[in-house]
Amino acid sequence: MSETIAWIGLGRMGTAMVERLLAAGRDVGVWNRTASKADVLVAAGATRLDAVADAARYDVIVTMVSDDAALRTIHSESGLLNGPVAGRVWIDCSTVSVEAALAAAAAARAAGAAYVSAPVSGNPGVVHTGNAIFAISGDDEAAVDAAERVMSDIGRKVYRVGPGASANVVKLCTNAVLSVIMQSLAEVAVLADGLGVRRAQLMEFINDSAVGSPLTRYKTPNIVELEFPQTFSPFGQRKDIRLALAAASDKEIPMPVLSATEVEYSRLVASGLGEGLDYAALVLQVARDAGMQLRPERAA
Ligand SMILES: NC(=O)c1ccc[n+]([C@@H]2O[C@H](COP(=O)([O-])OP(=O)(O)OC[C@H]3O[C@@H](n4cnc5c(N)ncnc54)[C@H](OP(=O)(O)O)[C@@H]3O)[C@@H](O)[C@H]2O)c1
């Protein structure tokens, strides 16, 4: 069984994910608020949707938008749920709060559609190589089955993590760890540099140690060469930190390390230093605070 798919939200991630679906031979209709972003996918075989409501013609509707507010717009203002969506499956892959996911699920249910949370771990480059992973959750097993089939055509593995918005919880926790690791890498890179050790040598060793990970390896060129092509913005990363902190605050769960990390991302956003750069630009901020001028290096 191969569901037809309507895809709403063609930013960096949405575009890369639809490319994977097209490569898998899926029939995909695409819509984006800024319509021109659909052009490259239409040229690659996707069908352009003139209106969000046209998504109701497809078996499965996937959204990949910025944040809680954008997701709310989709279910309360876009007209998506005014179309004949009864019996359809709506899968949201955005990184949003539990509250936003539950509100979208309730709106879908009221329109007769099933809702599945399917946030993704992996940047656009990771999606491109087929290595993204998904956490999925929902209350309708058949809809979760459909989501598993669709996401399996995009990524390497799909984890069913429970009912309701469990997947949103898993995603926020994962991104919290990622945010802290990036700040920590920035700090030690500047420390090593200040003590006369090449950042390239440090990162080569870290990457082969117990704390080496896909993340430390992806971010090595940023730290070494001081080039920061954006995979995700400091603003977006801070959005995810704040969602985790808000959830922790509601539950009276102290998160001192993540709280301190939020301040550093906020400084990167507020100072303008991170404007247009990847969040790995945290290393520039640590160096500036240390009164140091880093120089680009070549990989070890
Ligand atoms: N980039 C990453 O590495 C990464 C990794 C995992 C998860 N994520 C998550 O994936 C989501 C998308 O990230 P991204 O990097 O693809 O972001 P992005 O490039 O900024 O794209 C955001 C998308 O949301 C759409 N959008 C924003 N507000 C909207 C609204 N009110 N109504 C309709 N559409 C709206 C944008 O439309 P326009 O084009 O018209 O602005 C665009 O299609 C975010 O939740 C992010 O946290 C990102």
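Let me begin by describing the structure that accompanies this report. Because the structure is predicted, anything quoted here is derived from the model rather than measured. (Residues numbered from 1 in each chain as written. Predicted model: local features only at pLDDT ≥ 70, side-chain atom pairs only at ≥ 80, totals over all residues. Heavy atoms only, no water.)

### Thoughts on helix 1 (residues 12–23)
Test applied: By definition, any uninterrupted DSSP run of H or I lasting at least four residues is a helix, any uninterrupted run of E lasting at least two residues is a strand, and each is numbered from the N terminus. A helix is expected to span 1.5 Å multiplied by its residue count minus one. Partly exposed residues are those whose accessible area sits between 20% and 50% of the maximum for their type, while under 20% is buried and over 50% is exposed, using a 1.4 Å probe and protein chains only.
For helix 1, built from twelve residues, the straight-helix expectation of 16 Å at 1.5 Å per residue is met to within 8% by its first-to-last C-alpha distance of 17 Å. When we look at burial in helix 1, the residues that qualify are Met13, Gly14, Thr15, Ala16, Met17, Val18, Leu21 and Leu22. Positive backbone phi, approximately 85°, marks Gly25, located one or two places after helix 1.

### Regarding a nonpolar patch on the surface
Convention followed: Nonpolar side chains (Val, Leu, Ile, Met, Phe, Trp, Tyr) within 5 Å and like charges within 9 Å form the patches, drawn only from residues with over 30% relative accessible area and no salt bridge. Only the protein chains shown count as covering a residue, and every accessible area follows the Shrake-Rupley method with a 1.4 Å probe. Throughout this description, the term salt bridge denotes a Lys or Arg side-chain nitrogen within 4 Å of a carboxyl oxygen of Asp or Glu.
Taken together, the side chains of Tyr159, Val161 and Val170 make up a nonpolar region of the molecular surface, amounting to roughly 210 Å² of accessible area. Tyr159 gets classed as partly exposed once you look at its relative accessible area, which sits at 39%.

### Details of the environment of Ala111
Applicable threshold: Contacts are assigned to residue pairs with any non-hydrogen atoms lying within 4.5 Å of each other.
As for its position among the elements, Ala111 is in the loop between helix 4 (98–110) and strand 6 (114–117). Separated by 108 residues in sequence, Ala111 and Glu3 have C-alpha atoms that sit 20 Å apart. Setting aside its immediate chain neighbours within four residues, Ala111 contacts Leu81, Val85 and Ala86.

### Some points on the pairing of strand 5 (residues 89–92)
Under the convention used in this document: Two strands are counted as paired when DSSP detects at least two bridges linking them. Call a crossover right-handed when, viewed with both strands pointing away from you, the route from the first strand across the helix to the second goes clockwise.
Neither face of strand 5 is open: one carries Val89 and Ile91, the other Trp90 and Asp92, and all of them are buried. Where strand 4 (residues 60–63) and strand 5 come together, four bridges link them in parallel fashion. In the strand pairing of strand 5, Ile61 is matched with Trp90. Between strand 4 and its parallel partner strand 5, the chain crosses via helix 3 (residues 68–76), and the hand of that crossover is right-handed. Relative to strand 6, strand 5 is paired through four bridges, and the arrangement is parallel. Residue pairing across strands places Ile91 opposite Val116, the latter belonging to strand 6. As a crossover connection, the stretch from strand 5 through helix 4 into strand 6 is right-handed.

### Observations regarding the site of the ligand
Let me state the cut-off plainly: Residues are labelled near a given molecule or strand when at least one of their non-hydrogen atoms is within 4 Å of it. Under this definition, polar contacts are N or O atom pairs within 3.5 Å; protein pairs additionally need one hydrogen-donor-capable and one acceptor-capable atom, and for neighbouring residues in sequence, both atoms have to be side-chain atoms.
Not every one of the 25 residues close to the ligand is listed here, only the nearest: Asn32, Thr34, Lys37, Ser66 and Lys239. Backbone polar atom of Leu10 to an oxygen atom of the ligand: 3.1 Å apart, as the coordinates give it. One of the backbone N or O atoms of Met13 is found 2.8 Å from an oxygen atom in the ligand. When the ligand is considered free in solution it has 910 Å² of accessible area, and contact with the protein chains removes 87% of it.

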